[in-house]
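Close look at the chain arrangement
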Amino acid sequence: MINLVNEKNPMPEQKPDVRNKNFLEVAEGYTEDMAVREALRCLQCRKHPCTSGCPVSVRIPEFVSKIAEGEFEEAYQIIKTTNSLPAVCGRVCPQENQCEGKCVRGVKGEPVGIGRLERFAADWHAANFGDEEIEPAQSNGHKVAVIGAGPAGLSCAGDLVNKGYEVTVFESLHKTGGVLVYGIPEFRLPKAIVAAEVKALEAKGVKFVTDAVVGRSVTVDELMEDGFESVFIGTGAGLPSFMKIPGENLLGVCSANEYLSRINLMKAYLPEYDTPIMHGNKIAVVGGGNVAMDAARCAKRMGAEDVYIIYRRSAEEIPARAEEIHHAVEEGIDFRYLTNPVQVVGDENGYVTGIECVKMELGEPDASGRRRPIEIKDSNFILEVDTVIMSIGTKLNKLILETTENLEANDRGGIGVDGKAATNRPGIFAGGDAVTGAATVIKAMGAGKVAAAGIDEFLSK
Amino acid sequence: MKMYEILSKRKLNHDITWLVIYAPMVARKAKPGQFIILLTDEYGERIPLTMAGHNSEEGTIDLIYATVGRTTMLMDQMGEGDTFFSIVGPLGKPTHMEGLKRVCVVGGGTGNALAYPIAAGMHNHGIQVDMISGFKNKDLVILEEEFTANTDRTFVVTDDGSYKEKAFTTDKLKSLLAEGNEYDEIIAVGPPIMMKLICQIAQEAGIPCVASLTAYMIDGTGMCGGCRASIGGEDKFVCVDGPEFDGTLVDWDELIQRNSYYREQEAHDREHVCRLTGGVRYYD
Ligand SMILES: Cc1cc2nc3c(=O)[nH]c(=O)nc-3n(C[C@H](O)[C@H](O)[C@H](O)COP(=O)(O)OP(=O)(O)OC[C@H]3O[C@@H](n4cnc5c(N)ncnc54)[C@H](O)[C@@H]3O)c2cc1C
Ligand SMILES: Cc1cc2nc3c(=O)[nH]c(=O)nc-3n(C[C@H](O)[C@H](O)[C@H](O)COP(=O)(O)OP(=O)(O)OC[C@H]3O[C@@H](n4cnc5c(N)ncnc54)[C@H](O)[C@@H]3O)c2cc1C
Ligand code: FES
């Protein structure tokens, strides 16, 4: 019996004025009852456009119908066949551009809450079967190295260990998880979820070596000499960009990566950690992506009174997930659309006192199809702030390309690969942000799986 | 041996300590001029320290640190047999040595700890090294024996003349140049203000000058941008593009300013260490 209500079942959440002072998860998750009711909104249409919208083709109608029947563990197992990180993706995927964007129910009302259901299935599994003993996988004797413990690396390692490979993951930071740990904040993705995924991989036999900067501590070529028959590179795209405007090196200007790392990786919000952090009271975050939303919402939680998002296009073009924008607005973040910084201004001691901006209007569409922002003459004004967080994107780190013999780049400066994630060097594979530039968790995870299949094929020859 | 275990600890003076640590992954590839980033424990701060030496066979690295704040105070509380939570490296570009025949290395204060591996590394590479090692006073002098053994000539100077020659490092460099000593390169390591002045002298004498910069760091791999410095009008990341740069291109005033950003919080933290815990959190 189909549930004909046009809206999604509301997600239980912490109240905005409570949650903007803590780091606990904002969305609390569906109860069993809510999940079943939401699952019953699915029409089970024959073409299942949702699945075609998913970068890893999760069998959505199948798992949703299992939830509708109350078979929650089965639902989870169906998702797991194509998605290694359901608890993560259910929370952070941009569903509105993917599965939910194609949902037929979305034509007249809201689409089925596919992301919420995915999260529900994953959380239900963790709560009920989470501490089941995991059997170590049987080794096939082949050794593979995975570089980078982000979603691409973790999913590649997971698929390989299941096929019997002896996998060692090398990670440069002291913690595993990549952006899931150093970038995305606790209130959006509890770190315990990522830790549980890593623990499960360890139980299956994957070895993790932290503090290992490949290219410096050891090179890709040395790994191959040391007996690794194949290497997967999933090092992400972590190099922060700056705007190259005057005043960017004043005290109080930092990249979103630095701000978020201090908070998420180094836990500056917990008193028992030593990490220093800029305790601004008026903070401007420049940019309109997920990273900017995370920085702004963290800034609010760190006690800032006024937090601004400065974005040069309009609300229509802003790239962050719809839910993040909605949450940010609720939490009191002040959005300044059609505004672009021209310089950061400071006092005689070099501390930031404000950011000079210019108003923008939208002109003709550019190459990306979005309307191009144009400066409005003489519309400059100064927004008084004491901290500026630059969140205008990241570039690819060249370290691996520079230190691996004859490894070829693609035209975006990432590592060049073919359809099977193979680079020009036999046995070396790559995927995730390291290939595409900053993208999404699900795409990185999908690339890790493609590479695992490619590596398996390469080593089975 | 445990990973990241302190194998030996030796005080060089009241504030400066020499550690030998078991870190085979780092030791295997370390080169002069490179640094590591360490964490004392899970709750610590990631701080960068230059490697004063290493032994690839034994898998050990040497660190010489000055006790200046919270993390280094916590390190003072650790002893032989204790282990660090994390040590990552080698990071940064190694000291450039190609084509050099004769150099002068200038170290100021704690900077001598960072200058030591550079001077010794160059000397071992067959480069003729004059070392100017400057300190405020006699009590602060460190590494004199090591410098003497690992350079061609070592000149120890003190600001107040309480030990050896009374001179600032800048004066000593000027007099060596006036005596007709010729160098292919001058390397300055010390307080930014000293490096700024040494670079000016070198520039006037038409000698290339390299300065080893310190900056706040988190990851050390180019991910946070916290370590950025203006070099010749361009933003560079000290951790991956440095730490050594052409000193004539460095925006010294900006660097001096940037290194003071967390000063208040750090002062507060420092007090916190002394007052609350008497030094340490806890170590098993
Ligand atoms: C703040 C923030 C919020 C985001 N929000 C979302 C969101 O809501 N939804 C979404 O889908 N996507 C989001 N993204 C994007 C998403 O997180 C990334 O696309 C994804 O994590 C890429 O995965 P990856 O495995 O390719 O790389 P990463 O997650 O970047 O992992 C790479 C890992 O490799 C390590 N590494 C790098 N160099 C080396 C080396 N030389 N040796 C060893 N290890 C190395 C890094 O330390 C890191 O741990 C967000 C990104 C950020 C920064
Ligand atoms: C590449 C590099 C190599 C270094 N090598 C050495 C070394 O071999 N030996 C050594 O003793 N120190 C070295 N330093 C400096 C060392 O990292 C700092 O002294 C250390 O971070 C202080 O930490 P803390 O928590 O004890 O003190 P904090 O409380 O963090 O700081 C105390 C004082 O030290 C200053 N300070 C903090 N961080 C730095 C920094 N990165 N650079 C300059 N001053 C700073 C602060 O302004 C403050 O006045 C190096 C720094 C860099 C970037
Ligand atoms: S330390 Fe983070 S970029 Fe240099």
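Everything that follows concerns the structure shown earlier in this document.
Residues numbered from 1 in each chain as written. Chains lettered and ligands numbered in written order. Predicted model: local features only at pLDDT ≥ 70, side-chain atom pairs only at ≥ 80, totals over all residues. Heavy atoms only, no water.

**Let's talk about the site of ligand 1**
Residues and elements named next belong to chain A. The environment of ligand 1 is formed by 34 residues, the closest being Val92, Ala152, Glu171, Arg188 and Val214. In this structure, an oxygen atom belonging to ligand 1 sits 3.4 Å away from a main-chain N or O atom of Thr440. A distance of 3.0 Å is found between an oxygen atom of ligand 1 and a backbone nitrogen or oxygen belonging to Val441. The protein chains hide 94% of the 1000 Å² of surface that ligand 1 would expose on its own. For the shell around ligand 1, the secondary structure elements donating two or more residues are helix 10 (151-162), helix 15 (290-301) and helix 19 (441-460). With three residues, the top contributor of residues to the shell around ligand 1 is helix 15. Here the residues of the shell around ligand 1 are counted per class, giving 18 nonpolar, eleven polar and five charged. Each of two domains, domain 2 (143-238 + 396-460) and domain 3 (240-393), supplies a minimum of three residues to the shell around ligand 1. (Near = heavy atom within 4 Å. Polar contact = N/O pair within 3.5 Å; in protein donor to acceptor, adjacent residues only side chain to side chain. Areas by Shrake-Rupley, 256 points an atom, 1.4 Å probe, with all protein chains shown as cover. Helix = DSSP H or I, 4+ residues; strand = E, 2+ residues; numbered from the N terminus. Nonpolar A, V, L, I, M, F, W, Y, C, P; charged D, E, K, R; others polar. Domains from an automatic or database assignment.)

**Structural notes on the pairing of strand 12 (residues 209-212) of chain B**
The side chains of a regular strand alternate between the sheet's two faces. Residues and elements named next belong to chain B. Neither face of strand 12 is open: one carries Cys209 and Ala211, the other Val210 and Ser212, and all of them are buried. As paired strands, strand 11 (residues 185-189) and strand 12 are joined by three bridges and run parallel to one another. Pairing of Ile187 across the sheet is with Val210, part of strand 12. Since strand 11 and strand 12 lie parallel, the crossover through helix 6 (residues 192-204) that links them has a hand, and here it is right-handed. The pairing of strand 12 with strand 15 (residues 244-246) spans three bridges and is antiparallel. Bridging from a neighbouring strand, Ser212 pairs with Glu244 of strand 15. (Buried < 20%, exposed > 50% of the residue type's maximum accessible area, 1.4 Å probe, protein only. Pairing = 2+ DSSP bridges. Right-handed = clockwise from strand over helix to strand, strands pointing away.)

**A few points about the side chain of Gln34 of chain B**
With respect to the helices and strands, Gln34 of chain B occurs in the loop between helix 1 (24-27) and strand 3 (35-39). Within polar-contact distance, the side chain of Gln34 of chain B engages the backbone oxygen of Gly92 of chain B at 2.8 Å. In this view, Gln34 of chain B contacts Arg216 of chain A together with Lys29, Thr50, Met51, Pro90, Leu91, Gly92, Lys93 and Pro94 of chain B; residues no more than four positions away in its chain are not counted. (Contact = heavy atoms within 4.5 Å.)

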